[in-house]
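Architecture and fold: a report
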Amino acid sequence: MLTDAQKLQYQRDGYLVVPNFKSAADIAVLRERAAQIVNQFDPGAQSGIFSTIEQEKTTDDYFLGSDNTVRCFFEEEAFGADGQLKQDKSLSINKIGHAMHDLDPTFRAFTADERLNAVARDIGLADPKVWQSMYIFKQPGIGGEVRWHQDATYFDTDPVSVTTFWFALEDATLDNGCMWAEPGGHRGPMRERFLRNGDQVRMEKLSDMPWPDNSTAVPLPCKAGSLMVFHGLLPHYSAPNRSAVSRHAYTLHVTDGATTYSPQNWIQRDERLPVRGFI
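Note that the structure is a prediction, hence the values are computed from the model and not measured.

1. With respect to the side chain of Ser226
- Within the secondary structure, Ser226 sits in the loop between β12 (218-220) and β13 (227-231).
- Here Lys223 takes part through its backbone oxygen, which lies 2.8 Å from a polar atom of the side chain of Ser226.
- For Ser226, the contacting residues outside a window of four places in its chain are Val17, Val18, Pro19, Asn20, Trp166, Phe167 and Ala168.

Shown next as structure tokens:
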């Protein structure tokens, strides 16, 4: 699926951008289904806010219970001082997570792509396993910052194998909060580990190595339909979206079944919902 040059770029930089991976028709179907899920979502029943800035404080039962189901999360800035939504619900949702790829037929069809399986194998995943899916809205005006982090923090395996498959469903630009990454940063250490024991979570610090800044990080703007693939140790970040344009994306976190998956990772599976691959 990937050329030798693309494989070498991934090994060198820790990420790869593949333009035109998904068609406009594929994207339209996924976006329509996401809109339906949000429309059916009743925030009065139970809801949560998603934040990566104070993750331990915003991790609650609603979040932990989303591991193997489908739930909506609001942007941090969605509510006014009176506790009411400042704008329509459809413009207030941060993301949908975290098991659409297994539980929702539309998301499963988008994910069950033989080409994704081929890309995974090309970059070294012998037995790809998809643990998590997220539909990210990056809403206009209030789209939240995603702080510098490594995805291996949340999906620890021995050896490190988690890989992110990130699909641009709209153009991602500097204005609406495109991804930033540190080329080659995946060769550094894992800085943090997000640990779950029952209903308790904590962030364990593993390294004092500082996060990148603008002197080493580069923006990764891309067109709708592009696929970005990230190594689990690659530091990456996205700024708040203060523009009038959203930045929808769909993300999958995938490990190699040939590695040992930590029993302290926040998402676990058993025979009731076994972890599956792309196909």
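2. A short note on the pattern of salt bridges
- A complete count under the given rule lists 18 salt bridges for this structure.
- When the shortest N-O distance is used, the salt bridge between Arg115 and Asp113 registers 2.9 Å.
- The salt bridge involving Arg147 is made with Glu192; its shortest N-O contact spans 2.9 Å. Taken as a pair, Arg147 in strand β6 (residues 146-149) and Glu192 in strand β10 (residues 192-197) lie far apart in primary sequence, 45 residues in all. Here Arg147 and Glu192 have matching classes, each one buried.
- Several salt bridges share partner residues, and in doing so they unite Asp102, Arg108, Arg269 and Arg276 into one network.

3. Quick look at the environment of Ile93
- Tracing the backbone shows Ile93 in strand β4 (residues 93-98).
- Owing to a relative accessible area of 0%, Ile93 belongs among the buried residues under this scheme.
- It is 8.4 Å that separates the C-alpha atoms of Ile93 and Lys138, two residues lying 45 residues apart in sequence.
- Contacts of Ile93, omitting those with residues within four sequence positions, involve Val38, Phe41, Cys72, Phe73, Phe74, Glu75, Phe137 and Gln139.

4. Points about helix α1 (residues 4-13)
- All of the buried residues along α1 are Gln6, Tyr10 and Asp13. Buried residues in α1, looked at end-on, bunch into an arc of 90°, giving them a common side. Of the residues in α1, the exposed ones pointing more than 90 degrees away from the buried face are Asp4, Ala5, Leu8 and Gln11.
- Following α1 by one or two positions, Gly14 adopts a phi angle in the positive range, close to 90°.

5. What about the packing of aromatic side chains?
- Evaluated as defined, the whole model comprises 16 aromatic pairs.
- For the pair Phe74 and Phe79, a centre-to-centre distance of 5.0 Å together with 75° between the ring planes defines the contact as edge-to-face.
- Since its relative accessible area comes to 1%, Phe74 is described here as buried.
- Taken together, a centroid distance of 5.3 Å and an interplanar angle of 55° make the contact between Phe107 and Tyr250 tilted. With Phe107 in helix α6 (residues 105-111) and Tyr250 in strand β15 (residues 249-256), this residue pair connects regions lying 143 residues apart in the sequence. This pair shows no difference in class: Phe107 is buried, exactly as Tyr250 is.
- Each member of the aromatic cluster is reached from another via a ring pair, and the members are Phe21, Phe107, Phe110, Tyr135, Phe137, Phe167 and Tyr250.
- Here Lys22 stacks its cationic end above the ring of Phe110, 4.1 Å away from the centre of that ring.
- Over the ring of Phe21 we find Arg115; its NZ or CZ atom is 4.1 Å from the centre of that ring.

6. What to know about helix α7 (residues 114-122)
- Among the residues of α7, Leu116, Asn117, Val119 and Ala120 are the ones counted as buried. Buried residues of α7 fall within an arc of 160° about the axis and therefore sit on the same side.
- Elements that come into contact with the buried residues of α7 comprise α6, β5 (128-136), β8 (163-168) and β13.
- Structurally, the start of α7 carries an N-cap: the backbone nitrogen of Arg115 is 2.8 Å from a side-chain oxygen of Asp113.

Parameters and conventions
- Residues numbered from 1 in each chain as written.
- Predicted model: local features only at pLDDT ≥ 70, side-chain atom pairs only at ≥ 80, totals over all residues.
- Heavy atoms only, no water.
- Helix = DSSP H or I, 4+ residues; strand = E, 2+ residues; numbered from the N terminus.
- Polar contact = N/O pair within 3.5 Å; in protein donor to acceptor, adjacent residues only side chain to side chain.
- Contact = heavy atoms within 4.5 Å.
- Salt bridge = Lys/Arg side-chain N within 4 Å of Asp/Glu carboxyl O.
- Buried < 20%, exposed > 50% of the residue type's maximum accessible area, 1.4 Å probe, protein only.
- Arc of directions from axis to C-beta.
- Phe/Tyr/Trp six-rings, centres within 6.5 Å; stacked < 30°, edge-to-face > 60°.
- Lys NZ or Arg CZ within 6 Å of the ring centre and 35° of its normal.

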